[in-house]
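Here is what each chain is made of, one letter per residue.
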Amino acid sequence: MGDKKVSLPAKLINGGVAGLVGVTCVFPIDLAKTRLQNQQGVQVYKGMFDCLAKTVRAEGYFGCYRGAAVNLTLVTPEKAIKLAANDVFRQKLSKDGHLPLWGEVMAGCGAGTCQVVVTTPMEMLKIQLQDAGRLAAQRPVAAPTQAAAAPGPAPSLVAPAARRPSATGITADLLKPRGLAGLYRGAGATLMRDVPFSMIYFPLFANLNALGRESAGGQADVQAQAPFWQSFLAGCSAGSVAAVAVTPLDVIKTRLQTLQKGEGEDSYRGIVDCTKRIMRREGPSAFLKGAACRALVIAPLFGIAQGVYFLGVGETVLGLLG
């Protein structure tokens, strides 16, 4: 990447547009992932399709997009920082147009570290909004025997709906006791997930994106010349592999950042305590909860992101603006 100058504003625009398109397409699956990962005792959902079906039935179609506004608002800077930072680090670590594997891994590490400043508060808010429907479905309902014994009209067996949380309300609740630090609860777990993800994803993507194009020149030129379909498939493949690899870390992060717990569900004091409690109470398989959903979210999300990124939308916009 040494011969090709990185236009940072263009990279930021590309990353932002890519994030908006990708999140809009896959958000319902991400909601299912969060709800499945948070299940501890009561199994409200049997799997992804059951979760989506019950969500639509109980909350309507737009219930599948709970928390999407937060995600769409913050995914632009998040994806922009992640993709642009990786490009910048790759450029700095390249020598004579060549970037060794250790350089690719370090560039991914830097990108994952940089994005946490936006990812942590985004995930904190999104998770509370996404999980509200699962908690509502867990609420105990009146037993049939009680309903029959009660005088007057038969009461509904559907649990009363709780006040629907809002992003502004959750933000206020988090800021009151601890200030800005409240929005960064679980930052360590987020860092623990995002850094390994980026260290796996970016080198794997770069190499898949360069397949069959080694003769085109340096690594930066290979990436710039890759067609849309190759960038898309490389992003999907690398994203799914990295997503599944760090799913155990994602489960820990999700549990730590979930503020409201259902009846009989554990609260955790930190990463180590969370890991021990999950292992003791639910077994090793719990660390893979939502793995399929996560792969189905990340694969198209990064496929779309890389496809849009390499289409050069940012460069076109900047060109039109002069």
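The structure we're discussing is the one just above.
From a predicted model like this one, the values you see are computed outputs, not experimental measurements.

A. Just the overall build of the chain, in detail. A tally of regular secondary structure across the chain gives 13 helices and zero strands. Taken from N to C terminus, the helices and strands of the chain fall in the order α-α-α-α-α-α-α-α-α-α-α-α-α. Counting the 322 residues in the chain, one finds 50% classified as buried. Long-range pairs, those at least 24 residues apart, make up 79% of the contacts in the chain between residues at least 6 apart in sequence.

B. Region of the structure containing the environment of G186. In this structure, G186 sits in the loop between α6 (167-178) and α7 (187-209). On the basis of relative accessibility, which here comes to 17%, the residue G186 falls in the buried class. For G186 and L256, which are 70 residues apart along the polypeptide, the C-alpha to C-alpha distance reads 6.0 Å. With sequence-adjacent residues up to four places away left out, G186 is seen in contact with T120 and Q257.

C. Region of the structure containing a nonpolar patch on the surface. Taken together, the side chains of F228, W229, L233 and L311 define a hydrophobic patch exposed on the protein surface, amounting to about 460 Å² of accessible area. Considering each element in turn, the nonpolar patch owes the most residues, three residues, to helix α9 (residues 228-245). Structurally, F228 is set in helix α9. The partly exposed category is assigned to F228, whose relative accessible area is 42%.

D. Just the pattern of salt bridges, in detail. Within the structure shown, the criterion is met by 20 salt bridges. Here R134 makes a salt bridge to D131, at a shortest N to O gap of 2.7 Å. With a gap of three residues between them, R134 and D131 both fall in helix α4 (residues 101-138), about one helical turn apart. Like R134, the residue D131 is buried in the burial classification. A salt bridge links D194 to R193, with the shortest nitrogen-to-oxygen separation between them at 2.7 Å. The residues D194 and R193 share a single accessibility class, namely buried. The network of salt bridges with shared partners includes D30, K33, E123, K126, R193, D194, D250, K253 and R294.

Definitions and cut-offs
- Residues numbered from 1 in each chain as written.
- Predicted model: local features only at pLDDT ≥ 70, side-chain atom pairs only at ≥ 80, totals over all residues.
- Heavy atoms only, no water.
- Helix = DSSP H or I, 4+ residues; strand = E, 2+ residues; numbered from the N terminus.
- Buried < 20%, exposed > 50% of the residue type's maximum accessible area, 1.4 Å probe, protein only.
- Contact = heavy atoms within 4.5 Å.
- Patch = residues over 30% accessible without salt bridge, like charges linked within 9 Å, V, L, I, M, F, W, Y side chains within 5 Å.
- Areas by Shrake-Rupley, 256 points an atom, 1.4 Å probe, with all protein chains shown as cover.
- Salt bridge = Lys/Arg side-chain N within 4 Å of Asp/Glu carboxyl O.

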